[in-house]
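The residues making up each chain are set out below.
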Amino acid sequence: MLQTVRDLAPYLRPHRWKLVAGLVLIVVNGFFATLAPIIPGRAIDEFRNQTMTMGRLWLYVAAIVGVMAVAAVAMVLVRRLFLYASWEVQFDIRHDIFKHFTRLDGGYFDRTRVGDLMARLTADLGAVRMLAGVAVFQGLNTLLLFGFTFYRMFALSPQLSLITLATAPLISLLFYLLLRVVHRRYKYVQEQFSDVSSMAQENFSGIRVVKGFGIEEREVSTFGRLNDEFVKRNLALTRVDGPLNPMMEFLFGLTMALLLLVGGRLVLGIGGDLTVGEFSSFVFLYEGIQWPMIALGWIGSLLQRGSTSWGRLKEILTAAPAVGDGEQTDYSLREIRGRIEFDGVSVIFDGVKALDRVSFVVEAGESVGITGRTGAGKTLIVNLIARVIDPDEGRILIDGIDHRCFPVEVLRRYIGLVPQEPFLFSDTIADNIAYGLPEAPTEELAPRVLAAADLAQLTGDIEDLPLGFDTRLGERGVTLSGGQRQRTAIARALVRDPSILMFDDALSAVDTQTEARILEGLAEAQRGRTTVIVAHRISAFQNTHRVLVLADGRVVEQGTHDELLALEGWYADMDRRQKLEADLEAA
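Since the model is a prediction, treat every value here as computed from it, not as a measurement. (Residues numbered from 1 in each chain as written. Predicted model: local features only at pLDDT ≥ 70, side-chain atom pairs only at ≥ 80, totals over all residues. Heavy atoms only, no water.)

A.B. asks: Mind showing me how you'd approach the pairing of strand β7 (residues 500-504) here?
C.D. replies: The side chains of a regular strand alternate, residue by residue, between the two faces of the sheet. With five of its five residues buried, β7 lies for the most part within the structure. Neither face of β7 is open: one carries Ile500, Met502 and Asp504, the other Leu501 and Phe503, and all of them are buried. Sheet topology places strand β6 (residues 415-418) next to β7; four bridges connect them, and they run parallel. What sits directly across from valine 418, in β7, is phenylalanine 503. Two strands pair when backbone bridges link them, and β7 and strand β8 (residues 530-534) are joined in this way by five bridges, in the parallel orientation. Within the sheet, the bridge partner assigned to leucine 501 lies in β8 and is threonine 531. (Buried < 20%, exposed > 50% of the residue type's maximum accessible area, 1.4 Å probe, protein only. Helix = DSSP H or I, 4+ residues; strand = E, 2+ residues; numbered from the N terminus. Pairing = 2+ DSSP bridges.)

Here it is, written out as structure tokens:
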């Protein structure tokens, strides 16, 4: 718990004056809230002694109303200060986590389920907010209320106060033992909630696949089992969490019985001297701390849940990206011309070399094609250039400088990447194309968006839509066909005017005729920039300066399109097969 407080201190520090003001108001509330029970006791004694007058009665009534009004106003302000601060803390933590997400490498998201991340950003973050706001506010309020109450109790009767305190060790012991179990079981509940959220998210994203295979019932059954386990774990938590309040109520009732026995003897003059009014004030004070005593269990539960949830959020914040700026980074490097050199580059996964001592040079402004069998390492080369991953052996030079010397943000700003599986946002087509551009008024971005769409052979398709470029896409761009999504991603890469343009099998979702038109349009866009084209279709490489053929992570053939056809190797064989397939389709 202390570690959690230390971790949250930077988030609480900007709100320290709100918290200090809230603490002062809690003191005010505690003083006046515990003063109120004293007033009726004194009135009762005056009634008993027959000294009460109507004037004094009105004075006592006014005193009670005034005292409680001050206590109530103070509590309203306390709640506003602490709860506002807790919402701001939640905002700051959510902002930091999202910002950290953008810095993590792609491998982190490959290893972590989206549903689990969403569960942490909702349920766990909510629990941390309750810890930083409600638990802290109620905890401080309870402690100060106890302090003021016992001060006034001892002033009335030390004997009755000692009896009240006698239950404290028993409460503390049972409280500690139950909270240890609560902590463990709450963690199990949150882990299962992550599993439920992950399956729901995957089914929502893959609903077309689920319906296509007609396995809705199977998915419902699997989700039901996960949900049943979630309910079981919650019930297990409730069996421990539930007894906290009843236990406190039982101890309260037991203590009240003892107070009545001992206090009654003192009022009767047996073993002491206590007036009826003083005994009444003592009972009123004890009733006033009934809720704080019961709330101890609730506050403890909030503290345990918040601490556990913070641990889960901290796992995200402490996750280090595999790729990022480091000691080699030279922040004076701000531009890239586009020369690429691989010098003995190897990438190793689980002891197996996915790339094995690959070396080649692409001069600035040249175009290179990369092809080979599935799994040969084509996409790895694209990921290495963009620093999605770093090589295990060898060097990658950009403009003659080790690419790890460039700030990651600068390197990627000068790269336009079209991935094999394009991702489009639930936004307009125009905003999707302009995604990588600095924010600016729509009328300023429109000419660049239209030019990029023309190069990607997309304009004709978009103009057929009722709202044109203002058409809002469904999730992941489902409004468009596969080819249209791919061309939108191409336009998004072109609109940035990058020094290095990379296509990772980006033309796989379009037919050969559309591919030819796109490549013809790209001939203009490729001028003056380095272009890397990864593809299976040999026709994509007819106008590239050079082609690399990969097999088992090595470059086995390289040369121009015509030179590789003359070699009569794998490249030439694939060219003949693809031409034959095209002829058969045409027939």
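Back to the write-up after that little detour.
A.B. asks: Please clarify how the nonpolar core should be interpreted in this entry.
C.D. replies: Nonpolar side chains tend to gather and get buried jointly when the protein is soluble and globular. In this structure, Ile433, Phe469, Ile490, Phe503 and Leu522 are the most contacted members of the largest nonpolar core, which totals 42 residues. Setting aside anything within four residues of it in sequence, one finds phenylalanine 503 in contact with Val418, Ile490, Leu522, Thr531, Val532, Ile533 and Val534. Counting residues in each nonpolar core, the second largest holds 33 residues, with Phe360, Ile370, Ile398 and Met502 among its members. (Core = buried A, V, L, I, M, F, W, Y, C linked by side-chain atoms within 4.5 Å. Contact = heavy atoms within 4.5 Å.)

A.B. asks: I would appreciate a short explanation of the packing of aromatic side chains in the present structure.
C.D. replies: The description of two aromatic rings rests on the distance between their centres and on the angle between their planes. All told, the structure shown has 10 aromatic pairs when counted by the stated rule. Pairing phenylalanine 31 with phenylalanine 148 gives two aromatic rings, centres 6.0 Å apart and planes at 80 degrees, and the pair type is edge-to-face. Highlighted residues: phenylalanine 31 in helix α2 (residues 16-35) and phenylalanine 148 in helix α6 (residues 114-156), separated in sequence by 117 residues. Here the aromatic rings of phenylalanine 425 and tyrosine 435 are separated by 4.7 Å at their centres, their planes lie at 25 degrees, and the arrangement is stacked. Pair noted here: phenylalanine 425 is in the loop between β6 and α16 (429-433) and tyrosine 435 is in the loop between α16 and α17 (442-455), with a separation of 10 residues, a long-range link. Among the aromatic residues, those joined into a cluster by ring pairs are Phe31, Phe32 and Phe148. (Phe/Tyr/Trp six-rings, centres within 6.5 Å; stacked < 30°, edge-to-face > 60°.)

A.B. asks: What is the right way to read the sheet that holds strand β5 (residues 401-402) from this model?
C.D. replies: Taken together, four strands build an open sheet; the order of strands is β2-β1-β4-β5 and the sheet is antiparallel. With partners counted over all chains shown, the strands left at the sheet margins are β2 (352-362) and β5, one partner each. Packed onto the sheet, helix α14 (residues 378-385) meets β1 (340-349), β2 and β4 (393-398) and runs at close to 115 degrees relative to β1. (Axes fitted to C-alpha atoms, helices over the stretch in contact; angles between N-to-C directions.)

A.B. asks: What exactly am I supposed to notice about helix α12 (residues 276-288) here?
C.D. replies: Because each turn of an α-helix spans 3.6 residues, side chains separated by three or four positions end up pointing in the same direction. Under the 1.5 Å per step criterion, the end-to-end length of α12 is 18 Å for 13 residues, consistent within 8% with the ideal 18 Å. Turning to α12, its buried residues are Gly277, Phe279, Ser280, Ser281, Phe282, Val283, Leu285 and Tyr286. (Expected span 1.5 Å × (residues − 1).)

A.B. asks: How should the packing of α6 against helix α7 (residues 158-166) be read in this particular structure?
C.D. replies: Between two packed helices, both the angle of their axes relative to each other and the distance between the axes serve to describe the pair. Contact geometry for α6 and α7: axes closest at 6 Å, N-to-C directions at 140 degrees. Considering their axes alone, α6 and α7 lie oblique with respect to each other. Two secondary-structure elements touch here, α6 through Phe150, Met153, Phe154 and Leu156 and α7 through Pro158, Ser161, Leu162, Thr164 and Leu165. Counted by class, the contact of α6 with α7 contains seven nonpolar, two polar and no charged residues. (Parallel < 35°, antiparallel > 145°, perpendicular 65-115°, else oblique. Nonpolar A, V, L, I, M, F, W, Y, C, P; charged D, E, K, R; others polar.)

A.B. asks: Would you explain the environment of alanine 493 in this entry?
C.D. replies: Locating alanine 493 in the fold gives a position in helix α19 (residues 482-494). Taking the C-alpha atoms as reference points, alanine 493 and leucine 417, 76 residues apart in sequence, are found 5.8 Å from one another. The residues touching alanine 493, leaving out its near neighbours within four places in the chain, are Gly416, Leu417, Val418, Pro498 and Leu501.

A.B. asks: Any chance you could explain the pattern of salt bridges here in plain terms?
C.D. replies: Opposite charge on two side chains permits pairing when their charged atoms draw close. In this structure the tally under the stated criterion is 23 salt bridges. The residue aspartate 427 makes a salt bridge to arginine 472 at a minimum N-O spacing of 3.6 Å. On the criterion of sequence distance, the pair formed by aspartate 427 in the loop between β6 and α16 and arginine 472 in the loop between α18 (459-463) and α19 is long-range, its members being 45 residues apart. We classify arginine 472 as exposed; its relative accessible area is 52%. Residues participating in the shared-partner salt-bridge network are Lys353, Asp356, Arg357, Glu393 and Arg554. (Salt bridge = Lys/Arg side-chain N within 4 Å of Asp/Glu carboxyl O.)

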